[in-house]
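# Summary of the model geometry
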Amino acid sequence: MKIAQIAPLMESVPPRLYGGTERIVSYLTEDLVRLGHEVTLFASADSITAANLVDCASMALRLDGNVRDPIPYYMLMLDRVREIAEDFDILHFHIDQFHFPIFRPIANRTVTTLHGRQDLPDLKPLYIGFSDMPLVSISNDQGRLIANANVVAAIHHGIPSDLHKPIYDPRGGYVAFLGRISPEKGPERAIRIARALGVPLKIAAKIDKVDEAYFRAEIAPLLNEPGVEFIGEINERGKTEFLGEAQALLYQSSQ
């Protein structure tokens, strides 16, 4: 089967540091290649894959200091996908809903995995208007949030079972927050919970430009008090020790 994987351009596939969606796209793409499918990956040029790579940006947009607006790069990528769409049996999109108007005429050959939050009210009219676009949720609860949308399946995200070695006798004495600094991830609530429990908290997270003001106003003042250590971004290798030595993973979502 000829399959197109259309990835976000903010990070490479797989990402060098943070990058949830791009990491899952990488696992999916490489496994499809191993299964014998002919896979083409549309992603940034610094991606590493066994699939046929169509580079749609010179590097991950978040790491390119010259990029101010990512939208033009997505428009260029979608035009490249559109030009050769007839070459594929299935086109798998991972870029939210940017492609809906362009690929609606061939909706039956597309699938869109929803990697982000779906409780935003503006999405309801969008999914009603594009009810013919097949969607895949990453959990049953996520799918229930958009019950009237064309959700054809719930397929949970997963990582290779041997990716991280377990540490059966953790000695770090802390709880861990791993991810991204943003209001929907709830780092300020994680800090308050850890302090209420009297347990140190370590935060390994990236800060996007859009969340810098939130970090300065809401999170930075809390870091001046004892009991919280902000590590910043870590790569996939660093997660084994960070998570393995923790007493627990502390994650607070606004959803």
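Just above sits the structure.
A brief structural summary.

Right, let's talk about unusual backbone geometry for a bit. Of the consecutive residues Val13 and Pro14, the connecting peptide bond is found in the cis state with omega at -5°. Mapped onto the elements of the fold, Pro14 is located in the loop between strand 1 (2-6) and helix 1 (20-34). Although it is not a glycine, Asp96 sits at a positive phi angle of roughly 65°. Relative to the elements of secondary structure, Asp96 occurs in the loop between strand 4 (90-93) and helix 3 (100-103). Overall, Asp96 belongs to the partly exposed group, its relative accessible area being 43%.

Quick look at the environment of Asp55 now. Considering the arrangement of structural elements, one finds Asp55 in strand 3 (residues 52-55). Taking the relative accessible area as the measure of exposure, Asp55 reaches 39% and is therefore partly exposed. Expressed as a C-alpha distance, the spacing of Asp55 and Val39, which sit 16 residues apart in the sequence, is 14 Å. Excluding its chain neighbours within four sequence positions, the residues that come into contact with Asp55 are Ala43, Ser44, Ala45 and Arg80.

Taking 1.5 Å per residue as the helical rise, helix 2 (residues 71-83) with its 13 residues ought to reach 18 Å, and the 19 Å between its terminal C-alpha atoms agrees with that figure. Among the residues of helix 2, those classed as buried are Tyr74, Met77, Leu78 and Val81. All buried residues of helix 2 fall inside an arc of 100° around its axis, so they share one side. Facing away from the buried side of helix 2 by more than 90 degrees, the exposed set consists of Leu76 and Glu83. Residues of helix 2 that are buried in the fold lie against strand 1, strand 2 (38-43), strand 4 and helix 3.

Relative orientation of the contacting elements helix 6 (residues 187-197) and helix 7 (residues 212-223) amounts to 15°, with a least axis distance of 10 Å. Taken as axis vectors, helix 6 and helix 7 run roughly parallel relative to one another. Two packed elements cross with a definite hand, and for helix 6 against helix 7 that hand is left-handed. Within the contact between the two elements, helix 6 uses Pro187, Glu188, Ile191 and Arg195 and helix 7 uses Tyr214, Ile219, Leu222 and Leu223. Class assignment for the residues of the contact of helix 6 with helix 7 results in six nonpolar, no polar and two charged.

Before going further, it helps to spend a moment on the packing of aromatic side chains. Following the criterion strictly, the structure yields six aromatic pairs and no others. A centroid spacing of 4.9 Å and a plane angle of 55° characterise the contact between Phe93 and Phe103, whose relative ring orientation is tilted. Of this pair, Phe93 sits in strand 4 while Phe103 sits in helix 3, placing them ten residues apart in sequence. Each member of the pair, Phe93 as well as Phe103, carries the same accessibility label: buried. Their ring planes at 35° and their centres at 6.1 Å tell us that Tyr174 and Phe242 sit as a pair that is tilted. Remark: Phe242 occurs in helix 8 (residues 236-244) and Tyr174 occurs in the loop between strand 7 (151-154) and strand 8 (175-180); sequence separation between them is 68 residues. Comparing Tyr174 with Phe242, the two get one shared label, buried. It is Lys202 that lies over the ring of Tyr174; its NZ or CZ is 4.4 Å from the centre.

Turning next to a nonpolar patch on the surface. A contiguous nonpolar surface patch, about 240 Å² in accessible area, is contributed by Ile71, Met75 and Phe98. The topology assignment puts Phe98 in the loop between strand 4 and helix 3. Residue classification places Phe98 among the partly exposed residues on the basis of a relative accessible area of 35%.

About the cut-offs
- Residues numbered from 1 in each chain as written.
- Predicted model: local features only at pLDDT ≥ 70, side-chain atom pairs only at ≥ 80, totals over all residues.
- Heavy atoms only, no water.
- Helix = DSSP H or I, 4+ residues; strand = E, 2+ residues; numbered from the N terminus.
- Buried < 20%, exposed > 50% of the residue type's maximum accessible area, 1.4 Å probe, protein only.
- Contact = heavy atoms within 4.5 Å.
- Expected span 1.5 Å × (residues − 1).
- Arc of directions from axis to C-beta.
- Axes fitted to C-alpha atoms, helices over the stretch in contact; angles between N-to-C directions.
- Parallel < 35°, antiparallel > 145°, perpendicular 65-115°, else oblique.
- Left-handed = near helix turned anticlockwise from the far one by under 90°.
- Nonpolar A, V, L, I, M, F, W, Y, C, P; charged D, E, K, R; others polar.
- Phe/Tyr/Trp six-rings, centres within 6.5 Å; stacked < 30°, edge-to-face > 60°.
- Lys NZ or Arg CZ within 6 Å of the ring centre and 35° of its normal.
- Patch = residues over 30% accessible without salt bridge, like charges linked within 9 Å, V, L, I, M, F, W, Y side chains within 5 Å.
- Areas by Shrake-Rupley, 256 points an atom, 1.4 Å probe, with all protein chains shown as cover.
- Salt bridge = Lys/Arg side-chain N within 4 Å of Asp/Glu carboxyl O.

It is worth stressing that arrangement in space is one thing and function is another; only the former is reported here.
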